[in-house]
Amino acid sequence: MTNINLVKHVIYFLLFISCFFTKPSDASRGGIAIYWGQNGNEGNLSATCATGRYAYVNVAFLVKFGNGQTPELNLAGHCNPAANTCTRIGSQVKDCQSRGIKVMLSLGGGIGNYSIGSREDAKVVAKYLWNNFLGGKSSSRPLGDAVLDGIDFNIELGSPQHWDDLARSLSKFNHRGRKVYLTGAPQCPFPDRLMGTALNTKLFDYVWIQFYNNPPCSYTSGNTQNLFDSWNKWTTSITAQKIFLGLPAAPEAVGSGYIPPDVLTSQILLMLKKSRKYGGVMLWSKFWDDKNGYSSSILDSV
């Protein structure tokens, strides 16, 4: 065998065995989504994105809207919308976006007064969101001139009516030249009582399912099967670009469902990644993540 042929064979052999030792392709890797805005001690938005740990940030929450109410943003200790001091966050949104991070406005949450009264009301709310947070124009944009990437549905209160109409109304703004991402955070019991019809529109890009505070379908010590069964139901039943495992970032963050990082990385993510819809992990919330260092400990495995 000539030296040239020998070199070729060695190269082919090395390429062959490298297939067995390289990390999974980027296609099988996910990202981390974080909720930010409900604790003034969690750092500002720019610092959150500068950590390099998050691919998506949900700014939480717009707590009042619909049925003719004047919409109200609540960002805890970060700023006071009534005094117009949240406009400075607009430049921080742009900081995040310059790093390739998608920033959504999250609607709802566990405390607030929100609902959609009719199909027409859905159009009104969608127009408000477009003009005040997305690509439209308004003299009263709470976060300044930043154009957020989309709207997150975190609907935990009230009626299940007309959330599908809101999703459809928001999606119609896509033809205005910039995509409006739709994301949602349903509870893990399937179908979600409040958001089921909205998710059935097949318009959602990312769905981060709350696998916590729901013992029948979330992790309990030593039991992963309920979580796997629920995950399989969701990933085979709804249409979305990517589906995420929503988790508390610390045991104290929620009532139940916390998964120790070593259990997540060694037992759970390996199974979840078998789904082509796997998108990564969502964490509640930035404040608790700072306390516990959860995202840092799982980042390389997500």
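For clarity, every value in this text was computed on a predicted model and none was experimentally measured.

Undergrad: When you look at the state of the cysteines in this model, what are you seeing that I'm missing?
TA: Between two cysteines, a covalent bond joining their sulfur atoms is known as a disulfide. Counted by the stated rule, this structure contains 3 disulfides. Note on cysteine connectivity: Cys-79 is disulfide-linked to Cys-86, with sulfurs 1.9 Å apart. Because the sign of the S-S torsion sets the handedness, a value of about 95 degrees for the bond joining Cys-79 and Cys-86 places this disulfide among the right-handed ones. Residue Cys-79 shares its accessibility class with Cys-86, and that shared class is buried. Cysteines bonded in the chain are numbered consecutively along the chain; their disulfide partners then correspond to 1-4, 2-3, 5-6.

Undergrad: What exactly am I supposed to notice about the pattern of salt bridges here?
TA: Opposite charge on two side chains permits them to pair, given that their charged atoms come into close proximity. All told, the structure shown has 10 salt bridges when counted by the stated rule. One salt bridge connects Asp-289 with Arg-53, and the closest N-O pair in it is separated by 3.9 Å. Here Asp-289, found in helix α9 (residues 286-292), pairs with Arg-53, found in the loop between α2 (45-50) and β2 (56-65); they are 236 residues apart in sequence, far enough to count as distant. Looking at Arg-53, the relative accessible area reads 18%, which means it is buried.

Undergrad: What is the right way to read the nonpolar core from this model?
TA: When a protein is soluble and globular, its nonpolar side chains tend to lie buried together. In terms of nonpolar packing, the biggest core is built from 76 residues, with Phe-153, Leu-166 and Ile-268 touching the most fellow members. Per-element tally for this core: the top contributor is helix α4 (residues 119-133), with 6 residues. Ignoring sequence-local partners within four residues, the contact set of Phe-153 consists of Leu-107, Trp-163, Leu-166, Ala-167, Leu-170, Leu-182, Thr-183, Gly-184, Ala-185, Met-195 and Phe-204. Formed by 17 residues, the second largest nonpolar core is a distinct cluster that contains Tyr-35, Tyr-181, Tyr-206 and Met-282.

Undergrad: Would you mind going over the side chain of Ser-115 with me for this structure?
TA: Mapped onto the fold, Ser-115 is located in the loop between β5 (113-114) and α4. In this structure the side chain of Ser-115 is engaged in a polar contact, spanning 2.5 Å, whose partner is the side chain of Asn-67. The residues touching Ser-115, leaving out its near neighbours within four places in the chain, are Phe-65, Gly-66, Asn-67, Asp-121 and Trp-163.

Undergrad: Quick question: what am I supposed to make of helix α3 (residues 89-98) here?
TA: The periodicity of an α-helix, 3.6 residues per turn, causes residues three or four positions apart to be oriented the same way. Along α3, the residues classified as buried are Ile-89, Gly-90, Gln-92, Val-93 and Cys-96. On an axial view of α3, the arc spanned by its buried residues comes to 160 degrees, and they lie on one face. In this fold, the buried residues of α3 make contact with β1 (31-36), α2 and β4 (102-109). Remark: Gly-100 follows α3 within two positions and exhibits a positive phi of approximately 85 degrees.

Undergrad: Hey, could you run me through the packing of aromatic side chains in this one?
TA: The way to describe two aromatic rings as a pair is by their centre distance and the angle between their planes. In this structure the tally under the stated criterion is 21 aromatic pairs. One aromatic cluster is present, built from ring pairs that chain together Tyr-56, Tyr-181, Tyr-206, Trp-208 and Phe-244. When the ring centre of Tyr-181 is taken as origin, the NZ or CZ atom of Lys-179, which lies over that ring, is 5.0 Å away.

Undergrad: What is the right way to look at the pairing of β4 in this model?
TA: Of all 8 residues that make up β4, 7 are buried, and the element is covered over most of its length. When β2 meets β4, the two strands line up parallel, connected through 6 bridges. When the bridges of β4 are listed, Val-59 appears paired with Leu-105.

Undergrad: How should the packing of helix α7 (residues 225-237) against helix α8 (residues 261-272) be read in this particular structure?
TA: Helix packing geometry: the angle between the two helix axes and the distance between the axes. With their axes 11 Å apart at the nearest point, α7 and α8 run at an angle of 20 degrees to one another. With respect to their mutual orientation, α7 and α8 come out roughly parallel. Considering how the two elements wind past one another, α7 and α8 form a crossing that is right-handed. Within the contact between the two elements, α7 uses Leu-227, Phe-228 and Trp-231 and α8 uses Gln-267, Ile-268, Met-271 and Leu-272. Here the residues of the contact of α7 with α8 are counted per class, giving 6 nonpolar, 1 polar and no charged.

Undergrad: What is the right way to read unusual backbone geometry from this model?
TA: Look at the link from Ala-60 to Phe-61: it is a cis peptide, with omega at 5 degrees. Tracing the backbone through its elements, the reader meets Phe-61 in strand β2. Cis rather than trans, the peptide bond between Trp-284 and Ser-285 has omega equal to -5 degrees. Within the secondary structure layout, Ser-285 lies in the loop between β10 (278-284) and α9. In this structure, Lys-202 is a non-glycine residue whose phi angle is positive, near 65 degrees. Within the element layout of this structure, Lys-202 appears in the loop between α6 (196-199) and β8 (206-210). Even without being a glycine, Asn-213 presents a positive backbone phi close to 60 degrees. Looking at the element boundaries, Asn-213 is found in the loop between β8 and α7. Accessibility expressed as a relative area gives 39% for Asn-213, which makes it partly exposed.

How each quantity is defined
Counting starts from 1 at the beginning of each chain's written sequence and moves along it residue by residue. This being a predicted model, a pLDDT of at least 70 is required before a residue's local features are given, and a value of 80 or more before pairs of side-chain atoms are given or counted; all residues contribute to the totals for chains, interfaces and linings. Heavy atoms throughout the structure, all of them, feed into the side-chain values; hydrogens and water do not. What counts as a disulfide here is a pair of cysteine sulfur atoms lying within 2.5 Å. Buried, partly exposed and exposed residues are distinguished by accessible area as a fraction of the type maximum, computed with a 1.4 Å probe on protein chains only: under 20%, between the cut-offs, and over 50%, respectively. We define a salt bridge as a contact between a side-chain nitrogen of Lys or Arg and a carboxyl oxygen of Asp or Glu at a distance within 4 Å. For helices the rule is a DSSP run of H or I covering at least 4 residues; for strands it is a run of E covering at least 2, with both sets numbered from the N terminus onward. Side-chain atoms within 4.5 Å are what join buried Ala, Val, Leu, Ile, Met, Phe, Trp, Tyr and Cys residues into a set we call a nonpolar core. Working rule for contacts: check all heavy atoms of both residues, and any pair within 4.5 Å makes them a contact. Any pair of N or O atoms that falls within 3.5 Å is considered a polar contact. Within protein, one atom must be able to donate a hydrogen and the other to accept it, and sequence-neighbouring residues count only if both atoms are side-chain atoms. Arc definition: it is the arc formed by the directions from the helix axis to the C-beta atoms. Stacked, tilted and edge-to-face are the three classes applied to pairs of Phe, Tyr and Trp rings, where Trp contributes its six-membered ring and a pair requires centres within 6.5 Å; stacked means planes under 30 degrees apart, edge-to-face means over 60, and tilted covers the rest. When the NZ atom of lysine or the CZ atom of arginine is within 6 Å of a ring's centre and also within 35 degrees of its normal, the charge is said to sit over that ring. A strand pair is defined by DSSP finding two or more bridges across the two strands. To obtain each axis, a line is fitted to C-alpha atoms, and for helices this fit is confined to the stretch in contact; angles are then taken between N-to-C directions over 0 to 180 degrees. Any angle that falls under 35 degrees is termed roughly parallel, while one over 145 is termed roughly antiparallel, one within 65 to 115 roughly perpendicular, and all others oblique. Note on convention: the crossing is left-handed when the near helix lies turned anticlockwise from the far helix by less than a right angle, right-handed when the turn is clockwise. For this scheme, ten residues count as nonpolar: Ala, Val, Leu, Ile, Met, Phe, Trp, Tyr, Cys and Pro. Four count as charged, namely Asp, Glu, Lys and Arg, and the remainder, Gly too, count as polar.

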